[in-house]
Amino acid sequence: MHRDLLARMNAARRARKAVIRITAMDGGEDRLVTDGDDLSADPLGDELAKRFRSARSGMVEVAGKDDGADAAPRRLFLTVHVPPPRLVIVGAVHISQALGPMAMIVGLDVVIVDPRTAFATPERFPGVDVIAEWPTDVMDRLAFDRYTALAALTHDPKIDDDPLKAALEAGCFYVGALGSKKTHAKRIERLSAAGVLSERLATIRAPIGLDIGAASPAEIAVAVLAEVVGALRKPGFGMSSGNGGSS
């Protein structure tokens, strides 16, 4: 790999940007594409978009450079590098105590933030990164991006609303919030008044979690995690669903 290519790849990783290295098996091509680049003119545009979503590397064949009908196809290997998916949980509540460890088991990096120091303690969340501060004050550490999921669970607009707004504006792959339909309607009014676009507001999963009849905090955590994984692996998954039981 050329040194400049390696430097760009490492810089992308530090910035939590996804990249794909395109390497021709005949040695004629070795280039890097960053998620967010304009792919409309790229002959691999559709395939690259799919690979960014799936995070799967693999071989593809494209038409040869020769325009002749008998031109041999070219074999390209696409090496996909995406940031580790993250789950930011706002609220050190009972649901979070179940959701955090389960999310870590499926491979998500987990951060829990809650300014209520009586709740946000290492003793209640062993092995989990806990930030006992106001989300507004630690937005740089939360670092929302399209490989981040947000679950807002405090039921307190003073704590939930700012990270919800930031996550929607950053294009997080999942944004969910605890609360009934009535509670969510008021939330939408507040976020709309704060300048969040209606099409972004429509992507909030609320009531949070798949509709599995969840009742206990642990069951709600299962419903939320399933919805997060579905959003990560199948974009658009479950957009009309909600657990219907979180008031």
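See the structure shown above.
Here's what I pulled together on the structure shown here. Keep in mind it's a predicted model, so treat the numbers as computed, not measured.

## Quick notes on the side chain of D42
Link 1 in the chain: Locating D42 in the fold gives a position in the loop between β2 (30-34) and α2 (45-54).
Link 2 in the chain: For D42, a relative accessible area of 16% translates into the label buried.
Link 3 in the chain: Engagement of the side chain of D42 in a polar contact is seen with the backbone nitrogen of L44, the distance being 2.8 Å.
Link 4 in the chain: Every residue in contact with D42, bar those within four places of it in the chain, is listed here: R31, V33 and L48.

## Let's talk about a nonpolar patch on the surface
Link 1 in the chain: A cluster of nonpolar side chains, I105, V106 and V229, forms an exposed patch at the surface whose accessible area comes to about 290 Å².
Link 2 in the chain: Secondary-structure assignment places V229 in helix α8 (residues 217-233).

## Let's talk about the environment of A132
Link 1 in the chain: Structurally, A132 can be placed in the loop between β7 (129-131) and α4 (139-142).
Link 2 in the chain: Taking relative accessible area as the criterion, A132 reaches 33% and is therefore assigned partly exposed.
Link 3 in the chain: Taking the C-alpha atoms as reference points, A132 and M9, separated by 123 residues in sequence, lie 33 Å from one another.
Link 4 in the chain: Filtering out sequence-adjacent residues up to four positions away, A132 remains in contact with D114, P115, T117 and A120.

Rules of the game
Residues numbered from 1 in each chain as written. Predicted model: local features only at pLDDT ≥ 70, side-chain atom pairs only at ≥ 80, totals over all residues. Heavy atoms only, no water. Helix = DSSP H or I, 4+ residues; strand = E, 2+ residues; numbered from the N terminus. Buried < 20%, exposed > 50% of the residue type's maximum accessible area, 1.4 Å probe, protein only. Polar contact = N/O pair within 3.5 Å; in protein donor to acceptor, adjacent residues only side chain to side chain. Contact = heavy atoms within 4.5 Å. Patch = residues over 30% accessible without salt bridge, like charges linked within 9 Å, V, L, I, M, F, W, Y side chains within 5 Å. Areas by Shrake-Rupley, 256 points an atom, 1.4 Å probe, with all protein chains shown as cover. Salt bridge = Lys/Arg side-chain N within 4 Å of Asp/Glu carboxyl O.

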